[in-house]
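Overview (structure and organization)
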Amino acid sequence: MANVEAIKVQSQFLRGTLTDDIHQATTSGVTAANATLIKFHGLYQQEDRDARQTRKQVGTTKVQQFMVRSKVPGGHLTPAQYLAHDSVATDVANGTLRITTRQDFQFHGVLKGGLKHTIATLNQSLVTTLGACGDVVRNVVLCPCGVSDQLREELFPHVRQLSTHLAPRTNSYSEVWLDGEKVASLEPKEEEPLYGRTYLPRKFKIGVAVPWDNCIDVMAQDLGFVATTEGDHLQGFTVYVGGGLGMTHNKPATYPALGQALAWIPPELTVPVAEAVVKVFRDWGDRENRKHARIKYLVVERGIAWVKAEVEKHLGFTLEAPRAVPIRQAHAHLGWVAQRDGRWSLGVHVESGRIADTDTQQSKTAFRAIVERFQPDTLLTCDQNIVFSNLPAAARSEIDALLKQHGVTPAENISPVRQRALACPALPTCGLALSEAERIFPAFLNELEQELEALGLETEAPVVRITGCPNGCARPYTAEIGLVGRSGDHYVLYLGGSHVGTRLGTAVADLVTLKQIVPTLRPVLRAFRAQRLPGEQFGDFCHRLGADAVRQLIAQATTLDSGASVSTRAVSHAQEASALT
Ligand code: SRM
Ligand code: SF4
């Protein structure tokens, strides 16, 4: 058994010695076992890795800080919930709020003494952090498809039910963080009927999408539901199992995978089927090797038919065959949109999801002012953007002026390539980062925008995503251009994913320095301009050309440019990934 399994078993439903540990004033952090348990409570112990260098030079003690993740089902927040997050960011975190790639909010830089305040403030507004991280079902994501759409209204209750039904039940959360106080509608029961003492072998992710908008990357979820419709109404779901992206460099036994179609189900089976799939993972997932513990490995190794048979054993009946639901588009959800009820919603682009006040733009102040003044509901997107909904038409000009006054770029001025671009946090907070991501992304995107413009491709919107390591938090493997941190200044370049997240990219160049990424892309972009079919997207073009031809294009250009140094050898995991597409 992996060490984490023993920690879970001995923890008394995630209590450990946390109650004492968080009051221990002589240490900035918590014990190693508690550091594992707090993940289930939505917290990560971290060190500021910029400060680490100085600390090592001057020999001072390590100062631990915490990342706190709140769980926001379907990305939906009431005005009070948004404002609670805003105040925590100001009062006890590093002053920023970060929209995650799963529609949650994260705070960074919270000190141990600020944790209880953070959790209590969020709980007061009926937001929990329990189960935002850890070996449980994580936040359930949903396309914000049209705050104007009838369908979201029909889909959202499913998201809520999944979220509530699959949440951990332990009382330890309220005991440790809320001094035993329980906010009525968040009150958990002291037993874990689904999870038991060992919870799941690993994290488990669920997403709900519609065929005309895969902004949530449904095929990358452990369990994905794609709605089928009759007119404007929900008819049922085609269910996908076994998506997951994490891998380790040079370990071909680890690889990204897309979900495979399991069955079609009517809406009333959403929760029973989800529970059955989670139970199959609970009972059959690898509890020895955490690198092999995701459900994708069960699906690939035992086959989707085996998974279906196991799910049916739990359900006690046979499931219908999956229905084809071709996924057609994925939207950034930006700009003003008229709602069905006559009101309006506004999607605002947030670079890398970081809501902050800087010298050039004050999105944090602007967003707080919008929420305080107009009381909109807020939707966070899996592309790290934000949508304010239910706004009166009369508010539009005032909100536009407010955003302008605070330097927030309006949607129409965000270049197509930027709108859905994603970066993970990486340095300085993420302990697993091998390279930079969020901090270098704006400059990289500037360079890419200029290149696209120089080639006359500025209206193209290839999906670009970067991560500081191969864990895949910004989903680079389903992007059309994926950059994955290798070490320091070097990245692996993935091309050929689809614009709508239905195909994995392939690694076409390894150890590319940051400076060389755009020059490496240049010959491929030129070939795209010259040889694309009418309406063909960049990712589809790279896929049609094939990874070897793309590598050749890059190698030829590299030979011509004597200063460049790019290894185009195929990295072993790429072959695994493309074999699955
Ligand atoms: Fe992630 C671990 C950030 C979405 C795969 N992820 C981490 C940690 C907690 C680092 C750690 O374990 O010490 C990162 C915290 C960094 C920081 O300083 O904030 C982290 N992951 C994120 C977020 C914040 C990235 C973002 O840019 O928004 C996303 C939070 C989502 C949420 O609200 O729940 C985030 N992580 C993802 C996704 C994308 C998704 O789910 O759609 C993936 C790929 C899909 C998947 O799960 O396969 C992802 N994160 C991982 C993995 C690899 C898991 C694996 O199977 O190997 C790790 C490492 C681990 O779990 O050991 C990881
Ligand atoms: Fe950290 Fe890697 Fe995830 Fe980026 S992809 S947040 S570097 S774990």
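Here's a quick rundown of the structure. (Residues numbered from 1 in each chain as written. Chains lettered and ligands numbered in written order. Predicted model: local features only at pLDDT ≥ 70, side-chain atom pairs only at ≥ 80, totals over all residues. Heavy atoms only, no water.)

**A few points about the side chain of Gln-103**
Tracing the backbone through its elements, the reader meets Gln-103 in the loop between strand 4 (97-99) and strand 5 (105-110). Residue class for Gln-103 comes out buried when judged on its relative accessible area of 0%. A polar contact is formed between the side chain of Gln-103 and the backbone oxygen of Leu-142, at a distance of 2.7 Å. In this structure Gln-103 touches Val-72, Gly-74, Gly-75, Asn-139, Val-140, Val-141, Leu-142, Pro-144, Leu-380, Thr-381 and Cys-382, once residues within four positions along its chain are discounted. (Helix = DSSP H or I, 4+ residues; strand = E, 2+ residues; numbered from the N terminus. Buried < 20%, exposed > 50% of the residue type's maximum accessible area, 1.4 Å probe, protein only. Polar contact = N/O pair within 3.5 Å; in protein donor to acceptor, adjacent residues only side chain to side chain. Contact = heavy atoms within 4.5 Å.)

**Remarks on the environment of Ile-386**
Note on placement: Ile-386 falls in strand 15 (residues 386-391). Classification of Ile-386 as buried rests on a relative accessible area of 0%. Separated by 253 residues in the primary sequence, Ile-386 and Cys-133 have C-alpha atoms spaced 22 Å apart. With residues near it in sequence (within four places) discarded, Ile-386 still touches Tyr-82, Ile-99, Leu-346, Gly-347, Val-348, Val-350, Ile-355, Phe-367, Thr-378, Leu-379 and Leu-380.

**Some details on the pairing of strand 12 (residues 344-348)**
If a strand is regular, its side chains alternate between the two faces of the sheet. Burial analysis of strand 12 places 4 of its 5 residues in the buried class, which makes it a mostly covered element. Examined bridge by bridge, strand 12 and strand 15 share 4 bridges and lie antiparallel to one another. Across the sheet, Leu-346 pairs through a bridge with Phe-388, a residue of strand 15. (Pairing = 2+ DSSP bridges.)

**Notes on helix 15 (residues 441-454)**
The terminal C-alpha atoms of helix 15 lie 20 Å apart, and with 14 residues this matches the ideal 20 Å at 1.5 Å per residue to within 8%. Three or more residues of helix 15 are buried, namely Phe-441, Phe-444, Leu-445, Leu-448, Glu-451 and Leu-452. Viewed end-on, helix 15 has its buried residues packed into an arc of 120°, placing them on one side of the element. Of the residues in helix 15, the exposed ones pointing more than 90 degrees away from the buried face are Ala-443, Gln-450, Glu-453 and Ala-454. On its buried face, helix 15 sits against helix 14 (416-419), strand 16 (422-423), strand 17 (464-467), strand 18 (481-487) and helix 16 (514-531). (Expected span 1.5 Å × (residues − 1). Arc of directions from axis to C-beta.)

**A few points about the packing of aromatic side chains**
Scanning the model with the defined rule gives 13 aromatic pairs in all. The interplanar angle of 80° and the centroid separation of 6.5 Å between the aromatic rings of Trp-336 and Trp-344 together place this pair among those described as edge-to-face. Over the ring of Trp-264 we find Arg-323; its NZ or CZ atom is 3.5 Å from the centre of that ring. (Phe/Tyr/Trp six-rings, centres within 6.5 Å; stacked < 30°, edge-to-face > 60°. Lys NZ or Arg CZ within 6 Å of the ring centre and 35° of its normal.)

**Some words on the pattern of salt bridges**
A full pass over the atoms with the stated rule returns 35 salt bridges. Close ionic contact of Glu-153 with Arg-340 constitutes a salt bridge, the shortest N to O distance being 2.9 Å. With Glu-153 in helix 7 (residues 150-165) and Arg-340 in the loop between strand 11 (335-338) and strand 12, the pair connects residues that are 187 residues apart, well separated along the chain. Among the salt bridges present, the one from Arg-522 reaches Glu-451, with a minimum N-O distance of 2.7 Å. With Arg-522 in helix 16 and Glu-451 in helix 15, the pair connects residues that are 71 residues apart, well separated along the chain. Judged by its relative accessible area of 9%, Glu-451 is buried. Linked through salt bridges whose partners overlap, the residues forming this network are Glu-5, Lys-8, Asp-135, Arg-287 and Arg-290. (Salt bridge = Lys/Arg side-chain N within 4 Å of Asp/Glu carboxyl O.)

**A look at the sheet that holds strand 6 (residues 141-142)**
Taken in spatial order, the 5 strands line up as 6-7-8-9-10 in an open sheet, and their pairing is mixed. Both outer strands of the open sheet, strand 6 and strand 10 (260-265), are each paired with one neighbouring strand and no more. Pairing of strand 6 with strand 7 (residues 206-209) involves 2 bridges; the strand directions are parallel. Counted as the bridge partner of Leu-142 is Val-208 from strand 7.

**Looking at the coordination of the iron atom of ligand 1**
Counting protein donors to the iron atom of ligand 1 gives just one, Cys-473 (SG), placed at 2.3 Å. On the secondary structure map, Cys-473 appears in the loop between strand 17 and strand 18. (Donors = N, O, S within 2.8 Å, 3.2 Å for Na, K, Ca; no water.)

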